[in-house]
Amino acid sequence: MSRVRRHRLGSVCLSDTNAVFAMKVMDKASLASRNKLLRVQTEREILLSLLDHPFLSTLYSNFGTETFYCF
């Protein structure tokens, strides 16, 4: 995976597969210290609820580890 952009809450990376996929990776500790956990959960819910929108990317999957949220 190659990093496309880094910002305050995490990074956006591109996959190394035949298709082009982006993954947003966010540090849970950083989100908690900035009181942004609810914002990230809301963003994930919005992306999950929109199946086909011309201006938003499609969320195919999301997961979390002990230290990161990824979607």
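Since the model is a prediction, treat every value here as computed from it, not as a measurement. (Residues numbered from 1 in each chain as written. Predicted model: local features only at pLDDT ≥ 70, side-chain atom pairs only at ≥ 80, totals over all residues. Heavy atoms only, no water.)

### What to know about the overall build of the chain
And then number 1: Regarding its fold elements, the chain presents two helices and five strands.
And then number 2: In sequence order, the chain lays out its α and β elements as β-β-β-α-α-β-β.
And then number 3: For the chain, the spread of C-alpha atoms along the three principal axes comes to 35 × 25 × 20 Å.
And then number 4: Expressed as a percentage of its 71 residues, the buried residues of the chain come to 21%.
And then number 5: When the accessible surface of the chain is summed, it comes to about 5500 Å², and 55% of that surface belongs to carbon and sulfur atoms.
And then number 6: Distance between charge centroids for the chain: 10 Å, based on 10 positive and 6 negative side chains. (Helix = DSSP H or I, 4+ residues; strand = E, 2+ residues; numbered from the N terminus. Buried < 20%, exposed > 50% of the residue type's maximum accessible area, 1.4 Å probe, protein only. Areas by Shrake-Rupley, 256 points an atom, 1.4 Å probe, with all protein chains shown as cover. Lys, Arg positive; Asp, Glu negative; His and termini not counted. Charge placed at Lys NZ, Arg CZ, Asp CG, Glu CD.)

### Side note on the packing of aromatic side chains
And then number 1: A full pass over the atoms with the stated rule returns one aromatic pair.
And then number 2: The aromatic ring of Tyr 69 is capped on one face by Lys 28, whose charged end is 4.8 Å from the ring centroid. (Phe/Tyr/Trp six-rings, centres within 6.5 Å; stacked < 30°, edge-to-face > 60°. Lys NZ or Arg CZ within 6 Å of the ring centre and 35° of its normal.)

### With respect to the environment of Glu 45
And then number 1: Mapped onto the fold, Glu 45 is located in helix H2 (residues 37-49).
And then number 2: Linking Glu 45 and Asn 18, residues 27 residues apart in sequence, is a C-alpha distance of 27 Å.

### Re the pattern of salt bridges
And then number 1: Enumeration over the complete set of coordinates arrives at two salt bridges.
And then number 2: The partner of Lys 24 in a salt bridge is Glu 43, with the nearest N and O atoms 2.8 Å apart. Taken as a pair, Lys 24 in strand E3 (residues 22-27) and Glu 43 in helix H2 lie far apart in primary sequence, 19 residues in all.
And then number 3: Exposure remark for Glu 43: the relative accessible area of 24% places this residue in the partly exposed category. (Salt bridge = Lys/Arg side-chain N within 4 Å of Asp/Glu carboxyl O.)

### Structural notes on the pairing of strand E1 (residues 2-7)
And then number 1: Summarising burial for E1: zero of the six residues are buried, a small minority.
And then number 2: Here E1 runs beside strand E2 (residues 10-14); their pairing, made up of five bridges, is antiparallel. In the strand pairing of E2, His 7 is matched with Gly 10. (Pairing = 2+ DSSP bridges.)

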